[in-house]
Amino acid sequence: MLEKDIERILVSEKEITHICQRLGAKITHDYHGKTPIIIGLLKGCMPFMAELIKYIDLYCEIELMGVSSYHGGIQSSSDVKITKDLETSVHDRDILIAEDIVDTGKTLDVISKLLIHRGARSVEVVTLLDKPAGRIVEFTPKYIGTTIPKEFVVGFGLDYNELYRNLPYVGVLKPEVYKKN
Ligand code: PRP
């Protein structure tokens, strides 16, 4: 049913699995001997984080933080709002932030700086999608699933007006869907 609103699939279910396997193996290697905290930024991180952690073979903790910047539209807004803060200290800990997409870079820039300010030992980012053409703030995630063009995408955690997060793939939304609203 949701498929009728999708122009084309950009990252298939199978590709997402391969990406998570590759990133999980790399993270397992890089964090050998450490016990990182993997912090997912809600809500978009949910499916990606759930899939990724299956392939991380480490002692690691999982935390969630609510962060929002789009507020329902198709453009990222300039203010980054924390809607749910962490319930644990990051002091002296290795932090890996798990994200669905880095677009303008503002969210990751703000949250990375905040966690460093709170005393984290290291802060890195793993993102399923990187959209470098959308950058406003200079930000380079350490672990990137795949790079996408400057198009509005939904699925596998990414929403339009809170819908489409449950698609099992990442796709380009038909422009008529957001033009009629
Ligand atoms: C999306 C996404 C990232 C952020 C990236 O979240 O999950 O957190 O935007 O955009 P940026 O690089 O331009 O800052 P959103 O604010 O839509 O909240 P959501 O995860 O609840 O959908």
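Residues numbered from 1 in each chain as written. Predicted model: local features only at pLDDT ≥ 70, side-chain atom pairs only at ≥ 80, totals over all residues. Heavy atoms only, no water.

Keep in mind that most residues, glycine aside, have a negative phi and that most peptide bonds are trans. Between L42 and the following residue, K43, the backbone shows a cis peptide bond with an omega angle of 0 degrees. Position of K43 relative to the elements: it lies in the loop between β2 (37–42) and α2 (46–52). Residue N161 is not a glycine yet carries a positive backbone phi of 50 degrees. One non-glycine residue, Y164, lies in positive phi territory at about 80 degrees. Among the secondary structure elements, Y164 is positioned in the loop between β8 (153–154) and β9 (170–173). Using a relative accessible area of 6% as the deciding quantity, one classes Y164 as buried. (Helix = DSSP H or I, 4+ residues; strand = E, 2+ residues; numbered from the N terminus. Buried < 20%, exposed > 50% of the residue type's maximum accessible area, 1.4 Å probe, protein only.)

Neighbouring the ligand are 19 residues, the closest being S69, E99, D100, T104 and T107. Here K43 contributes a backbone N or O atom positioned 2.9 Å from an oxygen atom of the ligand. Between D159 and the ligand, the recorded distance is 3.1 Å, taken from a side-chain N or O atom to an oxygen atom. Burial of the ligand by the protein chains amounts to 96% of its free accessible area of 490 Å². Taken together, the residues that form the shell around the ligand break down as five nonpolar, seven polar and seven charged. (Near = heavy atom within 4 Å. Polar contact = N/O pair within 3.5 Å; in protein donor to acceptor, adjacent residues only side chain to side chain. Areas by Shrake-Rupley, 256 points an atom, 1.4 Å probe, with all protein chains shown as cover. Nonpolar A, V, L, I, M, F, W, Y, C, P; charged D, E, K, R; others polar.)

What follows deals with the sheet that holds strand β1 (residues 6–11). Pairing within the open sheet is antiparallel, and its three strands lie in the order β1-β9-β8. What marks the edges here is a single partner per strand, and that holds for β1 and β8. Bridge count between β1 and β9: four bridges; the pairing is antiparallel. Along β9, the bridge assignment pairs I6 with L173. (Pairing = 2+ DSSP bridges.)

The next thing to look at is the nonpolar core. Residues I27, F48, L52, V126, L129 and V170 are the most contacted members of the largest nonpolar core, which totals 28 residues. Residue assignment for this core shows that the elements contributing at least two residues are α1 (13–30), β2, α2, β5 (94–102), β6 (122–130) and β9. With five residues, the top contributor of residues to this core is α1. For L52, the contacting residues outside a window of four places in its chain are C20, L23, G24, I27 and V126. Among the nonpolar cores identified, the runner-up in size contains 17 residues, and I37, M65, L86 and V125 belong to it. (Core = buried A, V, L, I, M, F, W, Y, C linked by side-chain atoms within 4.5 Å. Contact = heavy atoms within 4.5 Å.)

Moving on: helix α3 (residues 106–117). Here α3 spans 16 Å end to end across 12 residues, near enough to the 16 Å set by a 1.5 Å rise per residue. Listing the buried residues of α3 in full gives K106, T107, L108, D109, I111, S112 and L115. On its buried face, α3 sits against β2, β3 (61–68), β4 (81–84), β5 and β6. Following α3 by one or two positions, G119 adopts a phi angle in the positive range, close to 100 degrees. (Expected span 1.5 Å × (residues − 1).)

In this section: the sheet that holds strand β7 (residues 143–147). Overall, mixed pairing links the six strands, which are arranged β4-β3-β2-β5-β6-β7 in an open sheet. Each having just a single partner strand, β4 and β7 make up the two edges of the open sheet. The mean angle between the axes of side-by-side strands here comes to 30 degrees, regardless of whether they run parallel or antiparallel. For β6 and β7, the ladder comprises four bridges, and the chain directions are parallel. Residue pairing for β7: D130 is matched across the bridge by T147. Against the sheet, α1 engages β5, β6 and β7, with an angle of about 160 degrees to β7. Lying on the sheet, α3 is in contact with β2, β3, β4, β5 and β6; it crosses β5 at an angle near 170 degrees. (Axes fitted to C-alpha atoms, helices over the stretch in contact; angles between N-to-C directions.)

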